Amino acid sequence: MCKNNVPAADAKLKGAATASTVLKTISKSELASHNTPRSAWCAVHSTDASGKYTGGHVVLDITSFASKHPGGDLILLAA
């Protein structure tokens, strides 16, 4: 699901992957196993520098954000 696609906006973040970074491919079953408040992952569409969808996904660890989400963590975990 995740194949070397880092959104341009995230490329500037500290510790973000660069074009030369090899990213791990995450299976759907591995992604699905991270659906608890203690381990929450989310796959989002990746875009290129112009904002066009690349056809790939980036997997984000949203564990620390989930409890702070205005709609609550359940809405993220159910998605």
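Details of the structure are given in the entry above.
Note that the structure is predicted; figures quoted are calculated from it, not measured. Within any chain, residue numbers begin from 1 and follow the written order of that chain's sequence. Restriction of local features to residues with pLDDT of at least 70 applies here, the model being predicted, together with a cutoff of 80 or more for giving and counting side-chain atom pairs; totals for whole chains, interfaces and linings are based on all residues. Computation of side-chain values: all heavy atoms of the structure, hydrogens and water removed.

### Focus on the overall build of the chain
Here's step 1: Of regular secondary structure, the chain possesses four helices and three strands.
Here's step 2: When the helices and strands of the chain are listed from N to C terminus, the series reads α-α-β-β-β-α-α.
Here's step 3: Residue burial is assigned from relative accessible area. The probe radius is 1.4 Å, only protein chains are included, and a residue is buried under 20% of its type maximum, exposed over 50%, and partly exposed in between. When each of the 79 residues of the chain is scored for burial, the buried share is 20%.
Here's step 4: Note on contacts: a residue pair is in contact if any heavy atoms of the two residues lie within 4.5 Å. Nonlocal contacts in the chain, meaning residues at least 24 apart in sequence, comprise 37% of its contacts between residues at least 6 apart.
Here's step 5: Residue burial considers only the protein chains on display, and all accessible areas are found by Shrake-Rupley using a 1.4 Å probe. In the structure as shown, the chain presents an accessible area of about 5600 Å², 59% of it carried by carbon and sulfur atoms. In this text, helices come from DSSP runs of H or I with a minimum length of four residues, and strands from runs of E with a minimum of two, each type numbered from the N-terminal end.

### Overview of the pairing of strand E3 (residues 53-61)
Here's step 1: Note: strand E2 (residues 39-47) against E3, six bridges, orientation antiparallel. The residue of E3 that forms the bridge with cysteine 42 is leucine 60.
Here's step 2: A pair of strands is treated as paired once DSSP finds two or more bridges between them. Between E2 and E3, which pair antiparallel in sequence order, lie five residues; one of them, glycine 51, sits at a positive phi of approximately 90°.

### Looking at the sheet that holds E3
Here's step 1: The antiparallel open sheet is built from three strands, whose spatial order is E1-E2-E3. Each edge of the sheet is formed by a strand with only one pairing partner; in this case those strands are strand E1 (35-36) and E3.

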